[in-house]
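Residues per chain, in single letters:
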Amino acid sequence: MKKVRWGVIGAGGIADRRTLPGMMQAENAELVAVMEIDAGFSEQLRAKYGAKRAYTTAQQLVEDPEIDAVYIASPVFAHAQQAMAAADAGKHILIEKPLAMTSSEGERILARCAEQGVLISAGLMMRFGAGVQAMRAAVSAGKVGSVVSGYAQFTCWYPDIPNCWRQNKRQGGGGALMDMGVHCIDLMQYITGSRVREVAAFNDTLTFHYEVEDTSVLLLRLENGAVCTVQSNFNIPDNAAKWRLEFFGTQGRLLGDQVIGQVDGGAVDAMFLGHVGGYDAQQSGDKARGELLPITPVNTYTAEIESFSNSILTGAPLAAPASDAVQVQRIIEAAYRASREKRTILL
């Protein structure tokens, strides 16, 4: 089988924890080189994953003629420069979210990639989760009728850490919403097939001392009229967290318990009612049991790498085009503005 030859920029962090192990299992991908600014760490990662070369600058890596595609997992403030360099070198790009510090900067990256004729996909790996795929299929098939309500909650415990770029607005662009809520917004649109048209929000730092928000709640109105809530937090203990993704429609529901996150799993409690009768004045509260949809968890990082590699090799449509990430970032920017100005924002 033909394989895409990969280089990884920012090979520590999420790349080391999740994406590189996933890449090792991808049948159509081969790791050629890694890059970290510390030479010793870069060499350590090269040896760990059996790469051919270790670099200390992104420019060195993108100039490697043996590399077909790069995965960019560096801090957000470095994304634009590194993505532009990769595009100019003719490398296809898989880039972590958010794509850039602003949606305007993200648009410039997209334009450069189009000019250079390279593909660019975003690290929205939760799209590949088995539960997410089952929910999307059910909504697409009309099994819950018209979606009227959605809810997502994704959190972690992220206390004050010295010199942490994610807790610095100038380096990360935002906090819990930018880092975690981005996935929830994307999945709301991805599963329903309807984009956000109106945003209201509360964003605040309630618990810690950094300048980005540790608490975020969004109210989103979709093009189809559905109203969805997204909660993202940096101040809920991991052991107390309950990650949820839920949709209610005119003919049923989908309750995703732990179907989002870095490790695929969880369960989807579904209820498909078909025709619904008239008003029930009793409102007894006796709820019929739902059914658990059959799902088989996958490594979403492996699926992400294989999908993008397949698009490079065969021309198949991108499963997570970077333009979708830029559109979600516009929603996030509207949410920050809505919170500051205490009003709803139309997109």
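Residues numbered from 1 in each chain as written. Predicted model: local features only at pLDDT ≥ 70, side-chain atom pairs only at ≥ 80, totals over all residues. Heavy atoms only, no water.

### Describing the nonpolar core
For the record, the criterion: What we call a nonpolar core is a set of buried Ala, Val, Leu, Ile, Met, Phe, Trp, Tyr and Cys residues that are connected through their side-chain atoms within 4.5 Å. Buried, partly exposed and exposed residues are distinguished by accessible area as a fraction of the type maximum, computed with a 1.4 Å probe on protein chains only: under 20%, between the cut-offs, and over 50%, respectively. Here a helix means four or more residues in a row that DSSP labels H or I, a strand means two or more in a row labelled E, and each is numbered from the N terminus. In this description, contact between two residues means that some pair of their heavy atoms is separated by no more than 4.5 Å.
Trp6, Ile185, Ile191, Leu220, Leu245 and Leu254 are the most contacted members of the largest nonpolar core, which has 76 residues in total. Broken down by element, the residue count for this core peaks at 11 residues, all from helix α8 (residues 176-192). Once residues within four sequence positions are removed from consideration, Leu254 is found in contact with Met135, Ala138, Val139, Val144, Leu245, Glu246, Phe247, Val268, Asp269, Ala270, Phe272 and Leu293. Counting residues in each nonpolar core, the second largest holds 28 residues, with Val62, Met84, Leu99 and Cys113 among its members.

### Description of the packing of aromatic side chains
Two aromatic rings are characterised by how far apart their centres lie and by the angle between their planes. Stated precisely, the cut-off is as follows: Ring pairs are drawn from Phe, Tyr and Trp, using the six-membered ring of Trp, whenever the two centres fall within 6.5 Å, and their geometry is named by plane angle: stacked under 30 degrees, edge-to-face over 60, tilted for the rest. In this scheme, Lys NZ or Arg CZ marks a charge over a ring once it lies within 6 Å of the ring centre and within 35 degrees of the ring normal.
In this structure the tally under the stated criterion is six aromatic pairs. When the ring of Phe154 is compared with that of Trp243, the centres are 4.9 Å apart and the planes differ by 85°; the resulting orientation is edge-to-face. In this pair, Phe154 sits in strand β7 (residues 147-155) while Trp243 sits in the loop between β10 (227-233) and β11 (244-249), placing the two residues 89 residues apart along the sequence. The exposure class assigned to Phe154 is buried, which follows from its relative accessible area of 6%. Judged by centre distance (6.5 Å) and plane angle (80°), the ring pair of Tyr210 and Phe234 falls under edge-to-face. Here Tyr210, found in the loop between β8 (196-204) and β9 (215-222), pairs with Phe234, found in the loop between β10 and β11; they are 24 residues apart in sequence, far enough to count as distant. With respect to burial, Tyr210 and Phe234 carry one shared label: buried. Site record: aromatic cluster; members linked through ring pairs are Trp157, Tyr158, Phe208, Tyr210 and Phe234. The aromatic ring of Tyr190 is capped on one face by Arg136, whose charged end is 4.0 Å from the ring centroid.

### What to know about the environment of Val196
The topology assignment puts Val196 in strand β8. In sequence terms Val196 and Ile332 are 136 residues apart; their C-alpha atoms lie 11 Å from each other. Those residues in contact with Val196 that sit more than four places away from it in its chain are Gln189, Leu220, Arg221, Leu222, Ile331 and Leu347.

### Notes on helix α10 (residues 322-341)
Applicable threshold: Here a helix's expected span is defined as the number of its residues, less one, multiplied by 1.5 Å.
End to end, α10 covers 29 Å across 20 residues, agreeing with the expected 28 Å (1.5 Å per residue, within 8%). Burial analysis of α10 places 14 of its 20 residues in the buried class, which makes it a mostly covered element. Positioned one or two residues after α10, Lys342 has a phi angle of 55°, which is positive.

### Some thoughts on the pattern of salt bridges
Inclusion rule: Each reported salt bridge corresponds to a side-chain nitrogen of Lys or Arg within 4 Å of a carboxyl oxygen of Asp or Glu.
Using the criterion set out here, one finds 20 salt bridges in the structure. Note that Lys52 and Glu66 form a salt bridge whose closest N and O atoms lie 2.4 Å from each other. With Lys52 in the loop between α2 (39-49) and β3 (53-55) and Glu66 in the loop between α3 (58-62) and β4 (69-72), this pair connects stretches of sequence that are 14 residues apart. We classify Lys52 as partly exposed; its relative accessible area is 45%. A salt bridge links Glu66 to Arg53; the nearest nitrogen and oxygen atoms lie 2.7 Å apart. Taken together, the residues Glu66 in the loop between α3 and β4 and Arg53 in strand β3 connect sequence positions 13 residues apart.

### Some remarks on the side chain of Ser121
Here Ser121 lies in strand β6 (residues 120-122). The class for Ser121 is buried, based on a relative accessible area of 5%. Not counting residues up to four positions away in its chain, the partners in contact with Ser121 are Ile93, Leu94, Ile95, Phe308, Leu318, Ala320, Pro321 and Ala322.

### Focus on the pairing of strand β1 (residues 4-9)
What counts here: DSSP-based pairing: two strands are paired if at least 2 bridges between them are found. A right-handed crossover is one whose linking path, passing over the helix from the first strand to the second, runs clockwise when the strands point away from the viewer.
With five of six residues buried, β1 lies mostly within the body of the structure. In the sheet, β1 pairs with strand β2 (residues 29-35) via six bridges, with the strands oriented parallel. Within β2, the residue paired with Trp6 across the bridge is Leu31. In terms of handedness, the path from β1 via helix α1 (residues 13-24) over to β2 forms a crossover that is right-handed. As judged from the four bridges shared by β1 and β4, these two strands associate in the parallel manner. Considered in β4, the bridge of Ile9 is made with Ile72.

### Things to note about the pairing of strand β5 (residues 92-95)
Taking every second residue as pointing to the same face, both faces of β5 are buried, with His92 and Leu94 on one and Ile93 and Ile95 on the other. Here β4 pairs with β5 via four bridges, running parallel. Bridge pairing in β5 places Val70 opposite Ile93. Handedness of the crossover joining β4 and β5 through helix α4 (residues 79-88): right-handed. Of the pairings in the sheet, the one linking β5 to β6 comprises three bridges and is parallel in character. Bridging from a neighbouring strand, Ile93 pairs with Ile120 of β6. Considered for its hand, the β-α-β crossover made up of β5, helix α5 (residues 103-116) and β6 is right-handed.

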